[in-house]
Amino acid sequence: MSTKAIHDARCRMQGAKWAVVLASAFWFLPLGLAAEIDDLKKAAPGREAYPEAGALILLDRRVVTIDKNNRATTERYLVVKIFEDRGRDEFGDITQKFNRDGQVVEVLEARTHKPDGTMAKPEARAISDVSAPEVFDAMAYTNAMLKVVSFPALEKDAVIEYRVRVKPKRGTREDGFSGVVRFGGFYPALKREFELIVPEGVSFRHDWTREEDAVQPQTRALPGKRTSYVWQINSTPQITEEPGMPSLARLVPVLVYSSYRDWTQVAEKLKQEFDQGLTQSPEVKRLADSLTAGPLSRGPAPRDPGLAARAIFLYVTQKFRSIRLDYGDAGYDAHKPDQILQWKYGDCRDKNCLLISLLRAAGFDAFPVIVSRTLPVVKSVPCPDVFDWLATMAYVPTGTAGQTAVDNRQSPLFLDPFAEYHLYGTIPSDQAGREALVLDGESAQLSAVPPKGDAQTDLAITRAELSLSATGDLAGTVLTEVGGYYDARIRANWRNQTLSDRKRAMAQTASSIKTGAQIDTFWFSDLNDLTQPVTAGFRFSAPRYAVTQKGELSLRMASPAIAGEPLFGIVASGRRTNPVESRPPRKYSYECSLKLPSGVKVDILPDSVAASHEGISTQGAWSRTADGVRFAYVVGVEKDRFEMGEFAELKAALDALNRAQFREVYFLK
Amino acid sequence: MTRLLVCTQSDWQTWSRWYYKLCSTQYEIDSALARAIDSLTAGADSEDAKVRALYNFVNQMIRYVETSYAGSGRKAGYQPEKISLTFQKRYGVCRDKAALLVGMLRRVSVDAYITLTNGGSQTDPELPVDQFNHATVAVKRSDGSIYYLDPTVENSRDYYPGSEMNRAVLVASKEGDDLRFTPLVPADSNQLKVRIYDTLAADGSLSGAVELTPNGLQELRFRSLIQWLPPEQQKQTMERYLRVFGPGARLDTITMTDPRDLMRPLEIQLHFTVPDFATVLKAKTGSRKPTLRYTLPKAGNGMFPSSIFTWASSMPQRKYDMDFHSTFAWHLVHEMTLPKGYKAVLVPDPLALSHARFEAESETRSTDHQVTNQAWFRLKHPLVPVAEYQDLRDLLAASEEIERQHVMLKAKE
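Numbers given for residues are sequential positions, taken from 1 along each chain in its written order. Each chain is given a letter, starting from A, and each ligand a number, starting from 1, according to the order in which they appear as written. At least 70 in pLDDT is required for a residue's local features to be given in this predicted model, at least 80 for side-chain atom pairs to be given and counted, and no such filter applies to totals for whole chains, interfaces and linings, which use all residues. Side-chain numbers here rest on the full set of heavy atoms in the structure, without hydrogens or water.

K.L.:
Would you mind showing me how to read the pairing of strand β11 (residues 268-274) of chain B here?
P.N.:
Strand residues, when the strand is regular, have side chains that alternate between the two faces of the sheet. Residue and element names in this part refer to chain B. Each residue is assigned to one of three classes by its accessible area relative to the maximum for its type, calculated with a 1.4 Å probe on protein chains only: buried under 20%, partly exposed between the two thresholds, exposed over 50%. Only runs of H or I of at least four residues qualify as helices and only runs of E of at least two qualify as strands under DSSP, and these elements are numbered from the N terminus. With five of its seven residues buried, β11 lies for the most part within the structure. Sheet topology note: the strand β9 (residues 206-214)/β11 ladder contains seven bridges and is antiparallel. Bridge pairing in β11 links Leu-212 to Ile-268. A pair of strands counts as paired when DSSP detects no fewer than two bridges linking them. Of the strand pairs in this sheet, strand β10 (residues 250-256) and β11 are connected by six bridges, and their pairing is antiparallel. If you follow Arg-250 over to β11, its bridge partner there is Thr-273.

K.L.:
Mind showing me how you'd approach the sheet that holds β11(B) here?
P.N.:
Sheet strands associate in pairs through backbone hydrogen bonding, adopting either a parallel or an antiparallel arrangement. Residues and elements named next belong to chain B. Pairing is mixed in the open sheet, where eight strands are placed in the order β10-β11-β9-β8-β15-β19-β18-β17. Among the strands making up the open sheet, the edge pair consists of β10 and β17 (351-354). In this sheet, adjacent strand axes meet at a mean angle of 10° when their direction is disregarded. Where strand β15 (residues 328-337) lies against strand β19 (residues 370-379), 10 bridges are found, and the strand directions are antiparallel. Bridging from a neighbouring strand, Phe-328 pairs with Leu-379 of β19. Helix α9 (residues 389-403) rests against β15, β17, β18 (358-366) and β19 of the sheet, and its axis sits at about 15° to β18. For every element, the axis is a line fit to its C-alpha atoms; helices are fit only across the contacting stretch, and the angle between N-to-C directions ranges from 0 to 180 degrees. In this analysis, two residues are considered to be in contact whenever any of their non-hydrogen atoms come within 4.5 Å of each other.

K.L.:
Would you explain the interface of chain B and chain A in this entry?
P.N.:
Often, the extent of an interface is quoted as the loss of accessible area upon association of its parts. Taken residue by residue, the interface counts 62 residues in chain B and 71 residues in chain A. Roughly 5700 Å² of surface becomes buried between chain B and chain A when both sides are summed, with 46% attributable to carbon and sulfur atoms. Should a side-chain nitrogen of Lys or Arg be within 4 Å of a carboxyl oxygen of Asp or Glu, the pair is scored as a salt bridge. Inspection of the chain B/chain A interface yields 10 salt bridges. Between B:Arg63 and A:Asp93 there is a salt bridge, and its shortest N-O distance comes to 3.4 Å. The definition of a polar contact used here is a pair of N or O atoms within 3.5 Å, where within protein one atom must be able to donate a hydrogen and the other to accept one, and adjacent residues in sequence count solely through side-chain atom pairs. Summed over the shared surface of chain B and chain A, the number is 35 residue pairs in polar contact (both at pLDDT 80 or more). At seven residues, helix α7 (residues 231-241) of chain B tops the list of elements feeding residues into the side of chain B that touches chain A. Three classes are used, and their members are as follows: Ala, Val, Leu, Ile, Met, Phe, Trp, Tyr, Cys and Pro are nonpolar, Asp, Glu, Lys and Arg are charged, and the others, Gly among them, are polar. Taken together, the residues of the side of chain B that touches chain A sort by class into 25 nonpolar, 16 polar and 21 charged. Summed over both partners, the accessible area (1.4 Å probe) lost when two parts come together is defined as the buried area.

K.L.:
Explain the sheet that holds strand β35 (residues 664-668) of chain A to me, please; I cannot follow it from the model alone.
P.N.:
Residue and element names in this part refer to chain A. The strand order across the open sheet built from four strands is β26-β27-β35-β30, with neighbouring strands paired in antiparallel fashion. Pairing within the sheet leaves two strands with one partner each, and these edge strands are β26 (547-549) and β30 (601-604). Neighbour-to-neighbour, the strand axes of this sheet turn through a mean angle of 35°, independent of strand direction.

K.L.:
What should I look at first to understand the pattern of salt bridges in this one?
P.N.:
Should their charged atoms come close, side chains of opposite charge can pair. Residue and element names in this part refer to chain A. All told, the structure shown has 75 salt bridges over all chains when counted by the stated rule. Between Arg-88 and Asp-89 there is a salt bridge, with the nearest N and O atoms lying 3.2 Å from each other. Among the residues examined, Arg-88 registers a relative accessible area of 1% and is labelled buried. Accessibility expressed as a relative area gives 24% for Asp-89, which makes it partly exposed. Residue Glu-435 pairs with Lys-379 through a salt bridge whose shortest N-O separation is 3.8 Å.

What follows is the structure in structure tokens.
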């Protein structure tokens, strides 16, 4: 809305005192909105100005009003012009997430402005509350809800108008207020605006996650002794979804605000809420004793605190179903451990609550640690909302047999009981190195999740021993050893598969060698055992693999594997609009030896290749051996992120290797 | 899977009459809908033209809404919405869209009926038990024959998508109707035609164009893909398809007919460049020009319908029949102009394998300045029984062996 339009809208309301009062209470009023939406519709560009977009957000405005008890009421006003079916289907059902226990959602307006100038409103049954999709099988979290509005009469050039208010249910006073506002997304917007209304004299801090986005707020005094701060960014571009892209919050302007004094206060607030779940019930104590009976027994067996902590961690991680709700989605209060023990499932609050309770019952210091996986943390703004995950920091003495445990605070263990596909001692890549806050009730300084765990080697090594028959049949054994990142990928892909599923999936691997090839046998180490790195292998045969044509014999070196390197897929297209996130740094290597039948010799080998750029190196080499050919390649990923300017080099390095694999080896018979 | 069916109804006609009656109160046309029908069919001078105009409208302009969202499942059930309301709201579930189309067709004197069917699995015809999960439309021609329309399958230029072939359909009529089956559609009606014309340079680089002309289910697949992706993502996807030419293949430009226009077949043209397509093998002695070797692009990635087929047929043995829900075919024509001064001395062998349910052919020829490859694949019946599975595997393996054979070019003497 232009400044003039705001001014005009206000002037129209000046005649009536009650209207002024209401206008001060809420930014929106039908009269002002009607004028504003008319202006927006008139000024709205057509599809030709946004050829990539299925719809254009004309206005995305959020207004957060803080009351004297620091409780926030949020209003969202969304005006969207539909360009084509893609936009129609994207915005046809608009959802608002809310916590049913703590919040009330009111749809203040929902209507479609049809291109002919008439309006259509949703029928009553088209506005409904449904459980958030991620909790459909976990009844403990049905407070995580979506208010859904299905918009009627959508067609090209129709404009959706949606206004919703989310207000707190409870009357309790909060210690402070805070929030995170994203100014961008997968659809372009003409205007994105955020208004924060606070009681006069209340101070808060605000900043942007990226310096280049810094926009200062417009400030004005409002009646009722309140102050308004408005941040506005016009013409935010459309972000294109691409494989391997960073989180949206790392690509668009993000404003962070908070009235909390410092990180200590933030930590205290969250710790208080979390601590309500921590109880040392007899049941928890009994369980802790039973889990640690071996490692901590005082009998002839040695005491090993590390093994005891591991036993507790593995129990919570593997025996309790993980409900993947982000931290805060269903509230901040953890359920009590006794309850979680009954349910056998939990979200990140609950599984960490149980883990910490058990660790403490076993005599270890353990604390929750909140992590920001997707947002960069602005250190100068102590804002609890930047954190979206919860894990545990445990201080486990490095005690030895028979000795009294010594507190070792220099090397705490970072434990995520959701890391059910990660080798113990490995840190999930979405958390490694990310900013975190330990809720230990002491210093509460911002810190970082360690970049690597003790047992972490982000490495995949595959060795293939192949042999070729005189008729061109290929057969061989492929053995893969992995650690860290690749270990987690194999567990995630294979662990929950039945034997039949695995056979089917391995048949795909055979097909990727050649149609008609088959896996004779395959094996995995115990993928449920999080204490040992994964090893896996298979033996295959591929009849008529080599090309025999007019008496010639040639082949492409097959490189089948159980663990793949995803960067090859990410660079499959050279067109790119976003940086590539490639966490963590890692190394992938493949060594293949091919034994030739007697009477067959290598005639021509492809050229070896090597490419090295900042953050990526690839190498592929062929060589003749006493009885055949050896082919080896290595991909080294040395950094977390490749900016747009680096993508061409990243692709060139990987393509060079891919092309090399594409080449044929020619033989003489 | 063994199923137990229990019913008290004596025949399918009873179901047919019941659904006819349940829907009969919903077809009332208000003035706004009447005006829209008149407007949509204003230029239509035949029944076919009217059906096309109304089908396209309901298919594209009435948004399909998930039952779980549109009112927490409040739209669950059998009875369609009143059609004037569906028209006004411009959204609905399958039965709402089907009923609206029936009402609109009847308004222009087309003999149309709402039908019940099951898009996912076959209906057991022996006992008249409700096994339906989908509603479509049947139109009776003046000669008594019937054809079907499914307005829920958005972007389908075919009235009835190939994936719903050979499915049981119950036409809801006043007199009652028996269970019928939708017809099998020939493979060539669900075909992707790929024409490649390109030029190979002496340095091994390749440039040219790929023309994609899909029909039937293949056309729906491409229309849906294009519809769902912003243009930049369309280009990225198409560039990934171009990896049939090898790593590094680059999409230079893309042109296509309007994917929203259901009156016109979809055609897509991709102009491409591949820097290192052919292997350049330098002569071991003398100053002769190098030899060029390469394999022709094979129908192996998501561009081709056979990718899902190859995936499904990877198991050495099967316990159950393979049901692809549809016939399909692809036809590849590749015309490659050779670098000046070169001739082909080696091309892949011909292939011609035919089976009752599937067939494949490939033929590569060379002339003085060109190598031409033509290849076909047809799945002629959607179902491949276990007993014939090995034949299919053998055919696919043989096809791939031909695809892996080389073209070798040598300098002309």
